[in-house]
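If you want the building blocks of each chain, they are given just below.
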Amino acid sequence: MDFMKEALEEAKKALLLNEVPVGAVIVKEGKIISRAHNLRETLKSPLAHAEVLAIKEASERLNSWRLNGCTLYVTLEPCIMCAGAIAQARISEIHIGAIDPSAGACGSVINILQNDNLNLYTKMFWEYNKECGDVLTEFFQNRRKACKVNMKK
């Protein structure tokens, strides 16, 4: 199974809700144990990032906050909050679909998950999935167009 493709399907669900299209799935022993997409606007919560929601669901399903042996697939590089949650959950590895050059916390701006000062190390794999980047680019281009139209009114 292509787990990044599954995360991308979650991102597309967010897009339909006019949420920033980020999706995440958590896998253990080759099976998806949780999936989520951004719901910040829907839930009116700054905590409702795809990664945090997927971690919460996986923890409930496994009845443990420790997610050792789990792999996270996420369409966009996690922010500082999400990287902290990934580290706290002890997720073993992460696959990232697209870089976030403005707020990424897995190597582009800062690297929380592989930080000797914090004694943290999560295996990271950069997939540079074009479709993950394209869905985000299209979302923000459409948002900018809508803002320009509203400014002209």
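Residues numbered from 1 in each chain as written. Predicted model: local features only at pLDDT ≥ 70, side-chain atom pairs only at ≥ 80, totals over all residues. Heavy atoms only, no water.

## Quick word on the overall build of the protein chain
Selection criterion: Numbering of helices and strands starts at the N terminus; helices are DSSP runs of H or I of at least 4 residues and strands are runs of E of at least 2. When we talk radius of gyration, it's over C-alpha atoms, and the globule rule is simply 2.2 Å times the number of residues to the 0.38. In this scheme, a residue with accessible area under 20% of its type's maximum is buried, one over 50% is exposed, and one in between is partly exposed, where area comes from a 1.4 Å probe on protein chains only.
Secondary structure assignment for the protein chain yields five helices and seven strands. Starting at the N terminus and ending at the C terminus, the protein chain contains elements arranged as α-β-β-α-α-β-α-β-β-β-β-α. Relative to the compact-globule value of 15 Å for 153 residues, the protein chain shows a C-alpha radius of gyration of 15 Å, a close match. Each of the 153 residues in the protein chain was classed as buried or not, and the buried ones make up 43%.

## Remarks on a nonpolar patch on the surface
Inclusion rule: The patch calculation keeps residues exceeding 30% relative accessible area without a salt bridge and links them within 9 Å when they carry like charges or within 5 Å when they are nonpolar (Val, Leu, Ile, Met, Phe, Trp, Tyr). Each accessible area value is a Shrake-Rupley result obtained with a 1.4 Å probe; residue values ignore everything except the protein chains displayed when judging cover. By definition here, a salt bridge exists when the distance from a side-chain nitrogen of Lys or Arg to a carboxyl oxygen of Asp or Glu is within 4 Å.
The grouping of Ile 80, Val 109 and Ile 110 at the surface amounts to a nonpolar patch, some 260 Å² of accessible area in total. With respect to the helices and strands, the residue Val 109 is situated in the loop between β4 (93-96) and β5 (114-115).

## Structural notes on unusual backbone geometry
The phi dihedral of Asn 63 is positive, around 55 degrees, even though this residue is not glycine. Relative to the helices and strands, Asn 63 is located in the loop between α3 (50-62) and β3 (70-74). Its identity as a non-glycine residue notwithstanding, Asn 119 has a phi of 55 degrees, on the positive side. Within the secondary structure, Asn 119 sits in the loop between β5 and β6 (120-121). Look at Asn 119 and you get exposed, because its relative accessible area is 71%.

## Re the nonpolar core
What counts here: Throughout, nonpolar core names a set of buried Ala, Val, Leu, Ile, Met, Phe, Trp, Tyr and Cys residues whose side chains join them through atoms within 4.5 Å. Whether two residues are in contact is decided by their heavy atoms: any pair within 4.5 Å suffices.
Formed by 41 residues in total, the largest nonpolar core has its most connected members in Ile 26, Leu 67, Leu 72, Ile 91, Ile 94 and Leu 113. Contributions of two or more residues to this core are made by α1 (3-16), β1 (23-28), β2 (31-37), α3, β3, α4 (80-89), β4 and α5 (130-152). With five residues, α1 is the largest single contributor of residues to this core. The contact partners of Ile 94, leaving out residues within four places of it in the chain, are Leu 72, Val 74, Pro 78, Ile 86, Leu 113, Thr 122, Lys 123, Met 124 and Phe 125.

## A few points about the packing of aromatic side chains
The following threshold applies: Ring pairs are drawn from Phe, Tyr and Trp, using the six-membered ring of Trp, whenever the two centres fall within 6.5 Å, and their geometry is named by plane angle: stacked under 30 degrees, edge-to-face over 60, tilted for the rest.
Throughout the structure, instances matching the rule amount to three aromatic pairs. A ring pair is formed by Phe 3 and Tyr 73, whose centres lie 5.3 Å apart and whose planes are at 45 degrees; its orientation type is tilted. Of the two residues, Phe 3 is situated in helix α1 and Tyr 73 in strand β3; the sequence distance between them amounts to 70 residues. Given the relative accessible area of 11%, Phe 3 is considered buried.

## Remarks on α3
Formally: In a helix, the anticipated span is given by 1.5 Å times the number of residues less one. Regarding the arc, it is the one traced by the directions from the helix axis to the C-beta atoms.
The end-to-end C-alpha distance of α3 is 18 Å, a good match for the 18 Å that 13 residues give at a rise of 1.5 Å each. Taken together, the buried positions of α3 are Ala 50, Glu 51, Ala 54, Ile 55, Ala 58 and Ser 59. Projected down its long axis, α3 shows its buried positions confined to an angular sector of 160 degrees, all on one face. More than 90 degrees from the buried face of α3, the exposed residues found are Lys 56 and Glu 60. Buried residues belonging to α3 abut β1, β2, β3 and α4. Remark: Asn 63 follows α3 within two positions and exhibits a positive phi of approximately 55 degrees.

## Structural notes on the sheet that holds strand β7 (residues 123-126)
Here is the rule: Here, strands pair whenever DSSP counts at least two bridges between them. To get an axis, fit a line to the C-alpha atoms, keeping to the stretch in contact for a helix; angles then go from 0 to 180 degrees between the N-to-C directions.
Reading across the sheet, the five strands line up as β2-β1-β3-β4-β7 and stay open at both edges, with mixed pairing between neighbours. Looking at strand neighbours, the two that pair on one side only are β2 and β7, the edges of this open sheet. On average, each strand axis in the sheet is inclined to that of its neighbour by 15 degrees, with strand direction left out of account. Where β1 and β3 come together, five bridges link them in antiparallel fashion. Looking across to β3, one finds that Ile 26 is bridged to Leu 72. With respect to the sheet, α3 is in contact with β1, β2 and β3, its orientation differing from that of β2 by roughly 140 degrees.

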